[in-house]
Structure formats: C-alpha cells, structure tokens
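An overview of the molecular structure
Next come the chains, spelled out residue by residue.
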Amino acid sequence: MKYYSLNKQAPDSTFKNAVIKGLAPDKGLYFPENIAPLSQEFFDSFDTLSYSEIAYEAIKQFVTPEIPEATLKTIVEDTLSFDFPVVKLNENISTLELFHGPTMAFKDVGARFMARCLGYFNKDNTNEVTVLVATSGDTGGAVANGFLGVKGVKVVILYPSGKVSDIQEKQLTTLGQNITALEVDGTFDDCQAMVKTAFLDESLTREMQLTSANSINVARWLPQLFYFMFAYKQLHKTYKNIVFSVPSGNFGNVCAGMVAQQLGLPIKHFIASNNLNNVVTRYLQSALYDPKPSIQTISNAMDVGAPSNFIRIQEIYKNNFEHLKDNLSSYSFTDEETRNALLEIYDNYNYVADPHGAVGYLGCKSYLENNPDAHCVFLETAHPTKFLDVVEDVINEKQKLPEQIQAVMGKTKAATRIATYTDLKQFLLK
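Report on the accompanying structure.

1. Focus: the sheet that holds strand 2 (residues 13-14)
The strands making up a sheet associate through backbone hydrogen bonding, with each pair oriented either parallel or antiparallel. With antiparallel pairing, three strands are arranged side by side in an open sheet as 2-1-3. The sheet is open, and its two borders are formed by strand 2 and strand 3 (30-32), each paired with just one other strand.

2. Re the sheet that holds strand 9 (residues 209-212)
Taken in spatial order, the five strands make up an open sheet running 9-6-7-8-14, and their pairing is parallel. The open sheet is flanked by strand 9 and strand 14 (416-418), the only strands paired with a single partner. Pairs of neighbouring strands in the sheet enclose a mean axial angle of 30°, with direction left out of account. Relative to strand 7 (residues 153-160), strand 6 (residues 129-134) runs parallel, the two sharing six bridges. Residue Val129 lies in a different strand from strand 7, and its bridge partner there is Val153.

3. Considerations on the pairing of strand 11 (residues 269-274)
Across the six residues that make up strand 11, a large majority, six, are buried. Here strand 10 (residues 242-247) runs beside strand 11; their pairing, made up of five bridges, is parallel. Counterpart to Val243 in the pairing with strand 11 is His269. The parallel pair strand 10 and strand 11 is bridged by helix 12 (residues 252-262), and the resulting crossover is right-handed. Alignment of strand 11 against strand 12 (residues 328-332), held across five bridges, turns out to be parallel. Looking at the pairing, Phe270 lines up with Leu328 of strand 12.

4. A few points about the packing of aromatic side chains
Here the distance between the centres and the angle between the planes together describe a pair of aromatic rings. Within this structure, the stated rule accounts for 24 aromatic pairs. Judged by centre distance (6.4 Å) and plane angle (35°), the rings of Phe84 and Tyr227 are tilted. Linking Phe84 in the loop between helix 4 (69-79) and strand 4 (86-88) with Tyr227 in helix 11 (residues 225-235), this pair joins segments that are 143 residues apart in sequence. What links up through ring pairs into an aromatic cluster is the set Tyr51, Phe82, Phe84, Phe106, Phe226, Tyr227 and Phe230. Here the guanidinium or amino end of Lys73 rests over the ring plane of Tyr56, the centre of that ring lying 5.1 Å away.

5. Quick look at the pairing of strand 1 (residues 2-5)
With two bridges connecting them, strand 1 and strand 2 associate as antiparallel partners. Note on strand 2: the bridge partner recorded for Lys2 is Thr14. One ladder, built from three bridges, connects strand 1 with strand 3; its direction is antiparallel. Bridging from a neighbouring strand, Tyr4 pairs with Phe31 of strand 3.

6. So, helix 12
Within helix 12, 10 of the 11 residues are buried, which leaves it mostly tucked inside the rest of the structure. Those residues of helix 12 that fall on the buried side of the exposure criterion are Gly252, Asn253, Val254, Cys255, Ala256, Gly257, Met258, Val259, Ala260 and Gln261. Looking one or two residues beyond helix 12, the residue adopting positive phi is Gly264, at roughly 115°.

7. So, the environment of Ile405
You can see Ile405 is positioned in helix 19 (residues 403-409). The spacing of Ile405 and Thr135 is 270 residues in sequence and 18 Å in space, taken between C-alpha atoms. Excluding residues that lie within four positions of it along the chain, Ile405 makes contacts with Met104, Ile167, Gln171, Thr385 and Lys386.

The rules behind each value
Residues numbered from 1 in each chain as written. Predicted model: local features only at pLDDT ≥ 70, side-chain atom pairs only at ≥ 80, totals over all residues. Heavy atoms only, no water. Pairing = 2+ DSSP bridges. Helix = DSSP H or I, 4+ residues; strand = E, 2+ residues; numbered from the N terminus. Axes fitted to C-alpha atoms, helices over the stretch in contact; angles between N-to-C directions. Buried < 20%, exposed > 50% of the residue type's maximum accessible area, 1.4 Å probe, protein only. Right-handed = clockwise from strand over helix to strand, strands pointing away. Phe/Tyr/Trp six-rings, centres within 6.5 Å; stacked < 30°, edge-to-face > 60°. Lys NZ or Arg CZ within 6 Å of the ring centre and 35° of its normal. Contact = heavy atoms within 4.5 Å.

Shown next, in the form of structure tokens:
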C-alpha cells in the first residue's frame, strides 16, 4: 500500500515511512492510495471470527507486505488484549464501551498498534526516534502506556495546563522511563500547533527523527476502524439500520469509521456529536468551514477548534459536500445539556457514562427524532472515573476507582512547563 499527502505536493510514501515521519514533507496528512472493499464472504462469516481475526483482515491491506502477515497477526493480538462490549440502553440506543484497556480510553487501541508497528520498524535501527504528541486528554496517557519501554523510542507529550482531568494528567506524567511530559501554558490547539511546527522545522529534524502519535499518524488512526466492526458483530443479527454517534474532537474516530464503511461494513449513517467546539456542526449547516479557537468544556478531549482529520473525511467524499452530508449529521451540545444527559442516562438506565459519552448519547437522541427506525450506538470513549469531579457531582454517587486508575493516583507528577515553540525546540535539542 502506498500513501499520498493530502496536500498533493509530496512524493508517495510507504506505510513504514508514513508511520515514522507522521506528516508528509508538504505538511499534508497521509492517506491510503486505495481502500479495497472486503469480500462479502468476510462479512457473512463475522459470527465465526474472533475480534483479532476481524481486525487482521480489515487492516492487512494498509500494512502488508512491509509488516509480514505473521508479525501483523501478533501485533493485532497484542493490541486487542481486552474487551469491547456493547451495552443496550433501550430498543433504539446502545453504547459501545471502549474503555477496557490499560488507560481506560478508546485511544489505547491506536496507541498500542502504532507502538508495536514502530517497534518492529525500529528493531534493527540504532537511531532513536522521538514520538512527539499533543493531547487534549486521553491521547497522552494511551501513548505513554503504549510506548512505555519500547526500544529506541523516546516519547514527549504536550498537554494544556489545567485543561485535562487530574487522572488524565497522572496517566501521562508519572510513568518515567522513556516518557516525558510538557505542560503547556495554552490550549490543545496551541499544543497541536507546536507539534506540527516541530515536524516542519528543518533545523530540528536534521538533528533528530521525529514522528507523531496523534491521529494524524496513519498507524494511530486506522486501527480505530476496528471498533465499528466489533459493534456490528454484536448487533447485526438484531438490528439492520445501525448508526454510530461519535463524540468528536480531532475527528480521527469518525473518519476511521468511514474507512470501515468504505471497506464494506454496512453502516447506515454517522453522527459527529460535538460540544461547543462545533466547527463541523456549523460546516454541515452552512457549507462554510470556519475553525475557531477551542473552548474549554467538561468533555475536554473534544476541545479542538481545528480538527486535523476532517480533511481526511473530505477526501473520502472527494470534497462533495452533499455526498458527505448524506452520510454525516452533526449536533452540538452545551455543558449544561451534557450534565443533564449524564443524569438522564443514570436515572433511566442505571448506567454511568462519562461526559464524552453523554454528548454521544445526545447525538443519538437528536438523530432519532427524525429517524425512529435506526438503532444508534454512541461510543463511550473513556471510563467515567477519569472525570470524577463532573460525574460524581451530577449523579451524586461515589464511584469506585478501577485498578488501572488506582495504580496512578498515588504517583508523583513530573512535568516541565513550557509556553512557546522556542521552549519546545530548546527542550528537544537539549
């Protein structure tokens, strides 16, 4: 498989090069040159296949032959060492739980897959690779855990000061070893801008090999298509019109779902459920794409004003606005509406959601108003105890901390404060 830059001003790339470089030389995101639909026999056999077998068949065309098939099977099995249950709330709404991994966030899958791919590519390389990543919440912890101890890889995580939850901060600042955290005086957009600037700074890249573990990296982004296949496997015998409501920040998750659809997965529709950072909601209303500075909300992992992956979504639909609008709806919700949804889910279904899942639930309800025949699945992207202050305050019930969360609570934070790109560059070169 070859990958091309969405800016169309760079040479085509191998999968290995796209993983190691992160961004193309022309600042563009890499995109696969072809997405070949999987056979009908594959989808007909879903009930007899394990998650690892489904994931292997789905990702194989994007990775092989650069990673041999036997190695890829091992990488997939190592990545998917936890469950992805669907929980039914009522006849029209279910939730797909994506928080059963080591850091209790959906990004565990992409981070673990990418870490293993990069470890394979770097196994005989004497040069160190620095993974530079910006996080609005869960990416940092997932990447830190996924890359912890990987040979020849150093990880530097930028996160916005005061804008991630206490548990999220603990997960990315307490591991040590090859993991370093930088606390940025600014927003996630500032962190993301610094990372992109670093990739394009030739005076820096001449001195060190940089790559990204944000969803701009194809090895972090593409494995997220697995979730949609796993949910379909659990639901397709009962429901035909399956719709996914995806809490959306950088738009890697919903974009990966659209790749699953391109592979032939019979998804009826997608919903991008936004908080007040609603550039895509506004775009689908006006056809005007107008990014704004991010706004801090209680669903902080979605506090993204300029989502990187939306250009990939536009590429899937060949920049045809009407075609995209036929397959994607988007709604935006306030913090007050999110809190009310958390309480409604708890009171009506005895289910504790996190603020991001609550936004996804609201997206389901909005869509079902005009599409009552659909079965809508919202993605529960992080464990609710990662947002204890919000969740316990709303449902007025103390939550028991899972083992994964307890393991980091007593550890000491270690982070370096920075404010500008110059600070970042000096830190990296030092």
